[in-house]
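Structural characterization, general
One letter stands for each residue in the lines below.
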Amino acid sequence: MSSLNHCIKFELDIKDENIVFKDYFYKMVQMKKHKIYEAELIQPACPYCGSLALLHNGHLVTNIRYLTANASLPVIIRLAKQRVKCRDCERWSMAQSELVNKYCSISNASKLKVLSALTEDRSMTSIARENNVSINPVQRVLGNCSHRFIDSYEYLPAHLAFDEFKGVDRQLHFICLEGDNHQVVQILRTRYKKTLLKYFGRFSPQARANVKTVTMDLNFYYQDIVRACFPNAQIVIDRFHMIQMLTRSFNSLRVQVMKTFDKRSRQYQLLKSPWKLYLKKFDELEKVHPRYNWHYKDCLTQAQVVTEGINTSTTLENSYNLMQSFIQAVETGNTHELKSLINCQDQIGTLMHKTLLTFKHNLTAVLNGAALPYSNGCLEGFNRKIKQIERTAFGYSNFTNLLTRIRLEENQYKEKEPNSLLMTA
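This section reports on the structure supplied with the text. Not measured: the values here are computed from a predicted model.

This part takes up the overall build of the chain. Of the regular secondary structure elements, the chain holds 17 helices and 12 strands. A compact globule built from 425 residues would reach a C-alpha radius of gyration of about 22 Å, whereas the chain, at 32 Å, exceeds it by more than 25%. If one aligns the C-alpha atoms of the chain with their principal axes, the spans along those axes are about 100 × 60 × 35 Å. Taking all 425 residues of the chain together, 46% fall into the buried category. Considering only intrachain contacts with a sequence separation of at least 6, the fraction spanning at least 24 residues in the chain is 60%. Put simply, the chain shows about 22900 Å² of open surface, and 50% of that area lies on carbon and sulfur atoms. Charged side chains in the chain number 57 positive and 39 negative. The centres of these two groups are separated by 6 Å.

What follows is the structure in structure tokens.
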């Protein structure tokens, strides 16, 4: 065998002994310079009976796109596959190789490179451009990964987190994560109560009894699902959502009080321009170094601004003190203080009162959120990754492709067959 054949195989990392390279040259194809390798694929024996008595009957020439380190110089292997007839069993066959699948013109190495690129935050157009293929093969590789995800209904983790995210056609999809190691348990097309009850009802009673806590926001029917499916689970309201509801209620009250003053008044400017200071913890405000602000034309510290602003209204002051005490109680896990704050009888805003009433109706779950260490922080971070995946692809119109891309980028998939991708792509 010639040294040219060995050199080309070493350069292209091809180990098939039945492939013999004969020559290489450069050629302009569709106004682009290509590097062409000419090779022959030999059929050593009959694939049916193993006989060596073969009658050769020409070749089938296939142009195979092969991966290359230089995307500006595509590589094509012009492979001539032998057609043979067995003299013993009289059956026709054609030489096949692991380099490329039957009836395919894209090498398996290129498909594996495309699959590796799909695990990164990149668009399919850039992946196709890098591998010198059209976007259709990239979509086929992505589509052939969808059947590689296996659902097991015999196990559920002890701690779950529920939430939803916007996906295909701006619809809300349900997502469930494991609370301990933050692995994805399942992503469903819809978040309807009927769909969730049907899905979790497929699990065995032992698996559903294993669930100890379920963390969620204040979505009302999630709690019904937990009570119906998980007999031993405690409902945990996420701390972030509790504080978010409270701060939004206070912010609405601040705007309402602010509009009662004249726009040129000092009180109006104190409540309007430094609005972010009212949402911070009072202990984090600057109390030593005053700064001049041209809105209210005075030199005040951050703490002085907030103190003077809430003193404009008794309701606003009570709501601010309640919000600060609530945040501190949640951070320290003081459930007794939290319970007394929820049952507060002070004069507060209407929206703040409704928020506390909501907490009172979900008192046990709210107290669990402050006492237990579990939260939906991991889920919010994962939803941020999903938004980035959708933004990179300019949106998805197919839910299966979105789900496949999410799990590929998070490496959350299992293979039914090691070569299933290469055999079907």
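Okay, the packing of helix H15 (residues 377–392) against helix H16 (residues 399–409) next. At a closest axis distance of 11 Å, the pairing of H15 and H16 adopts a crossing angle of 120°. It follows that H15 is oblique to H16 by the angle criterion. Of the two possible hands of crossing, H15 and H16 adopt the one that is right-handed. In this structure, H15 contributes Phe382, Ile386, Ile389 and Glu390 to the contact, and H16 contributes Leu402, Arg405, Ile406 and Glu409. The residue inventory of the contact of H15 with H16, partitioned by class, reads five nonpolar, no polar and three charged.

A separate point is the sheet that holds strand E10 (residues 234–237). The strand order E8-E7-E6-E9-E10 describes an open sheet built from five strands, whose pairing is mixed. One side of each edge strand has no neighbouring strand; the edge strands of this open sheet are strand E8 (184–188) and E10. Ignoring which end each strand starts from, the neighbouring axes of this sheet average 20° apart. Sheet contacts for H15: strand E6 (159–166), strand E7 (172–178) and E8; angle to E6, the most-contacted strand, approximately 30°. Sitting on the sheet, H16 touches E6, E7 and E8, and the angle it makes with E8 is about 165°.

Looking now at the environment of isoleucine 19. Within the fold, isoleucine 19 resides in strand E1 (residues 19–29). As for isoleucine 19 and serine 325, which are separated by 306 residues in sequence, their C-alpha atoms are 76 Å apart. Leaving out residues up to four positions away in the same chain, isoleucine 19 has contacts with Asn5, Lys9, Ile14, Ala39, Glu40, Leu41, Leu79, Ser97 and Leu99.

In this section: H16. The periodicity of an α-helix, 3.6 residues per turn, causes residues three or four positions apart to be oriented the same way. Most of H16 is tucked away, with nine of its 11 residues classed as buried. Inspection of H16 places Phe399, Leu402, Leu403, Thr404, Arg405, Ile406, Arg407, Leu408 and Glu409 among the buried residues, and these make up the whole buried set. By the N-cap criterion, in which a side-chain oxygen at the helix start approaches the backbone nitrogen of a residue two or three places on, H16 is capped by asparagine 398, the distance to threonine 400 being 2.8 Å. Two residues or fewer past H16, asparagine 411 is found with a positive phi of approximately 55°.

Attention now goes to the environment of tyrosine 292. Among the secondary structure elements, tyrosine 292 is positioned in strand E11 (residues 291–293). If we skip the residues at most four places from it in the chain, tyrosine 292 touches Lys297, Asp298 and Cys299.

Positive phi values are uncommon outside glycine, yet glutamine 30 reaches one of about 55°. Relative to the elements of secondary structure, glutamine 30 occurs in the loop between E1 and strand E2 (32–41). Positive phi, close to 55°, is recorded for glutamate 90, a residue that is not glycine. According to the relative accessible area criterion, glutamate 90 is exposed, its value standing at 57%.

With the rule as written, the count across this model stands at 14 salt bridges. Notably, a salt bridge pairs lysine 15 with aspartate 13, separated by 2.7 Å at the nearest N-O pair. Residue class for lysine 15 comes out exposed when judged on its relative accessible area of 66%. Its relative accessible area of 55% is what places aspartate 13 among the exposed residues. Note that arginine 122 is salt-bridged to glutamate 120, the shortest N-O span being 3.8 Å. Within the structure, one salt-bridge network assembled from shared partners comprises Glu120, Arg122 and Glu130.

Cut-offs used in this document
Residues numbered from 1 in each chain as written. Predicted model: local features only at pLDDT ≥ 70, side-chain atom pairs only at ≥ 80, totals over all residues. Heavy atoms only, no water. Helix = DSSP H or I, 4+ residues; strand = E, 2+ residues; numbered from the N terminus. Rg over C-alpha atoms; globule rule 2.2 N^0.38 Å. Buried < 20%, exposed > 50% of the residue type's maximum accessible area, 1.4 Å probe, protein only. Contact = heavy atoms within 4.5 Å. Areas by Shrake-Rupley, 256 points an atom, 1.4 Å probe, with all protein chains shown as cover. Lys, Arg positive; Asp, Glu negative; His and termini not counted. Charge placed at Lys NZ, Arg CZ, Asp CG, Glu CD. Axes fitted to C-alpha atoms, helices over the stretch in contact; angles between N-to-C directions. Parallel < 35°, antiparallel > 145°, perpendicular 65-115°, else oblique. Left-handed = near helix turned anticlockwise from the far one by under 90°. Nonpolar A, V, L, I, M, F, W, Y, C, P; charged D, E, K, R; others polar. Pairing = 2+ DSSP bridges. Polar contact = N/O pair within 3.5 Å; in protein donor to acceptor, adjacent residues only side chain to side chain. Salt bridge = Lys/Arg side-chain N within 4 Å of Asp/Glu carboxyl O.

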